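If you want the building blocks of each chain, they are given just below.
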Amino acid sequence: VMNHMGNAFAFEGNLEGVTHFRMHDQEEYRLVLRNDSGIVLHETPAGPQPYMDFWYSNTWDPEGSYGGPVYGKWGESSVDTGRGTYSQSDFHHNG
């Protein structure tokens, strides 16, 4: 699935290369479809999507936060006290 996702999606501004990791306290990447992906889009409640059961949305939620565990720069368990994310997306937007 991950390889297929990499063929279908990219992070805005990084269509041709790798996307560098950055911590959640910075603005997150916008998820975009690769223009040359050849992926068939399916109608979903979130609009045309490459997957019928995993939708993405680039609608920024300034009050959103991650509900699951997060990890710091060195892999230590951490609590996400920040706000702002793409809450309506099934995919994490950050690289």
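Residues numbered from 1 in each chain as written. Predicted model: local features only at pLDDT ≥ 70, side-chain atom pairs only at ≥ 80, totals over all residues. Heavy atoms only, no water.

**Notes on the nonpolar core**
Working step 1: By size, the foremost hydrophobic cluster in this structure holds 8 residues: Met5, Ala8, Phe9, Phe11, Tyr29, Leu31, Tyr51 and Tyr56.
Working step 2: Going through the elements one at a time, α1 (2–8) and β1 (9–11) are the ones with two or more residues in this core. (Core = buried A, V, L, I, M, F, W, Y, C linked by side-chain atoms within 4.5 Å. Buried < 20%, exposed > 50% of the residue type's maximum accessible area, 1.4 Å probe, protein only. Helix = DSSP H or I, 4+ residues; strand = E, 2+ residues; numbered from the N terminus.)

**Points about the environment of Val70**
Working step 1: Note that Val70 resides in strand β5 (residues 70–71).
Working step 2: When neighbours within four sequence positions are excluded, Val70 is seen to be in contact with Glu76, Ser77, Ser78, Val79 and Asp80. (Contact = heavy atoms within 4.5 Å.)

**A closer look at the confidence of the model for the protein chain**
Working step 1: With 81% of its residues at a pLDDT of 70 or more, the protein chain has an overall mean of 76.
Working step 2: Per-element confidence in the protein chain ranges from a low mean pLDDT of 70 for α1 to a high of 89 for strand β3 (residues 42–44). (pLDDT = per-residue confidence, 0-100.)

**Things to note about the packing of aromatic side chains**
A ring pair, where both rings are aromatic, is described by two values, the distance of the centres and the angle of the planes.
Working step 1: Across all of its chains, the model carries 2 aromatic pairs by this definition.
Working step 2: Seen from their ring centres, Phe9 and Tyr56 are 5.2 Å apart, and the 80° between their planes marks the pair as edge-to-face. Taken together, the residues span a long stretch of sequence, with Phe9 in strand β1 and Tyr56 in the loop between β4 (47–49) and β5 at a distance of 47 residues.
Working step 3: Ring pairing ties together the aromatic residues Phe9, Tyr51 and Tyr56, which thus form one cluster. (Phe/Tyr/Trp six-rings, centres within 6.5 Å; stacked < 30°, edge-to-face > 60°.)

**Quick look at the pattern of salt bridges**
Pairing between side chains of opposite charge can happen when the charged atoms of each approach one another.
Working step 1: Here the structure, examined in full by the defined rule, presents 1 salt bridge.
Working step 2: Here Arg30 and Glu12 are joined by a salt bridge, their closest N and O atoms 3.4 Å apart. Residue Arg30 is found in the loop between β1 and β2 (31–33), and its partner Glu12 is found in the loop between β1 and β2; the two are separated by 18 residues along the sequence.
Working step 3: Exposure remark for Arg30: the relative accessible area of 35% places this residue in the partly exposed category.
Working step 4: Taking the relative accessible area as the measure of exposure, Glu12 reaches 44% and is therefore partly exposed. (Salt bridge = Lys/Arg side-chain N within 4 Å of Asp/Glu carboxyl O.)

**Observations concerning the side chain of Thr44**
Working step 1: Structurally, Thr44 can be placed in strand β3.
Working step 2: In this structure Thr44 touches Gln49, Tyr51, Met52 and Trp55, once residues within four positions along its chain are discounted.

**Considerations on the side chain of Gln49**
Working step 1: Looking at where Gln49 falls in the secondary structure, it is placed in strand β4.
Working step 2: Within the structure, the side chain of Gln49 is placed 3.0 Å from the backbone nitrogen of Tyr56, a separation counted as a polar contact.
Working step 3: Non-local contacts of Gln49, meaning those with residues more than four positions away in its chain, are made with Val40, Leu41, His42, Thr44, Phe54, Trp55 and Tyr56. (Polar contact = N/O pair within 3.5 Å; in protein donor to acceptor, adjacent residues only side chain to side chain.)

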